[in-house]
Amino acid sequence: MARPKQSPRHAAQYVELPPRGPVEALVYWRNAARSGAALGAGLVLLVALACCSVVSVFAYCSLLALSAAVAFRIYKNVLQAVQKTNEGHPFKWLLERDVSVSAERAQALAASATAHLNAALHELRRLFLVEDLVDSLKFGVLLWCLTYLGACFNGITLVILGWIALFTLPKAYEMNKAQVDANLELARAKINEITAKVRAAVPLGRKTESDKEK
């Protein structure tokens, strides 16, 4: 039976989505139930952190998890006694799983973190010491905008908004990639045009050839 004709928006639902990693699959809503659960759990945790201290949230969450595990263990033991079965520990598959971090994995994570930290330090030194005037001015505008952002929201509120954006913006971009890319290209071209004019007007914004060779 032929599939009925759909509008472009509904037809996009039948397009085969590209594969994603486990984290990207959550962000891009490859499985709506898992993504919804992750979004909801994260929001509950962040709102709890906004209302209570970190110690209280950690203690209550740990106590809730422990209570659920104890209740489930007792329920399975009673069920096995009534049915006269011997299924063993209900969390045996978790107890037998290897959760240790290998030395190779730890070294790889440490090397990656060190590389990112060094790159950030070099970039901050370049911006604060005005190696390139235009880049430092753009960084100053960004910091100035952050002062207004900080006046309107506190840190945990920004984290909550970022968490919501993490589960909405990537999917919205994937669904409207062509239009967003076109607008971003126009904005990028305009920014590059303004930057070129500023660099031409301000000699300090350009690196000399001798500086580049160094």
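Before any of the text, the structure's been laid out above.
Residues numbered from 1 in each chain as written. Predicted model: local features only at pLDDT ≥ 70, side-chain atom pairs only at ≥ 80, totals over all residues. Heavy atoms only, no water.

Enquirer: What should I look at first to understand the pattern of salt bridges in this one?
Expert: Across all of its chains, the model carries 10 salt bridges by this definition. A salt bridge links aspartate 135 to arginine 126, with the shortest nitrogen-to-oxygen separation between them at 3.0 Å. Judged on exposure class, the residue aspartate 135 and its partner arginine 126 are both buried. With its nearest N and O atoms 3.3 Å apart, the salt bridge here joins glutamate 174 to lysine 171. A residue pair is termed a helical-turn pair when its members lie 3 or 4 positions apart in one helix, as glutamate 174 and lysine 171 do in helix H8 (residues 155-175) at three residues. Via salt bridges that share partners, Glu123, Arg126, Asp135 and Lys138 belong to a single interconnected network. (Salt bridge = Lys/Arg side-chain N within 4 Å of Asp/Glu carboxyl O. Buried < 20%, exposed > 50% of the residue type's maximum accessible area, 1.4 Å probe, protein only. Helix = DSSP H or I, 4+ residues; strand = E, 2+ residues; numbered from the N terminus.)

Enquirer: How do you make sense of helix H4 (residues 54-83) when you look at a structure like this?
Expert: Working note: α-helix, 3.6 residues per turn, so residues spaced by three or four point in the same direction. For H4, which comprises 30 residues, the first-to-last C-alpha distance of 43 Å matches the rise-based estimate of 44 Å (1.5 Å per residue) to within 8%. Inspection of H4 places Val57, Lys76 and Gln80 among the buried residues, and these make up the whole buried set. Here the buried face of H4 lies against helix H3 (32-51). Two residues or fewer past H4, lysine 84 is found with a positive phi of approximately 55 degrees. (Expected span 1.5 Å × (residues − 1). Contact = heavy atoms within 4.5 Å.)

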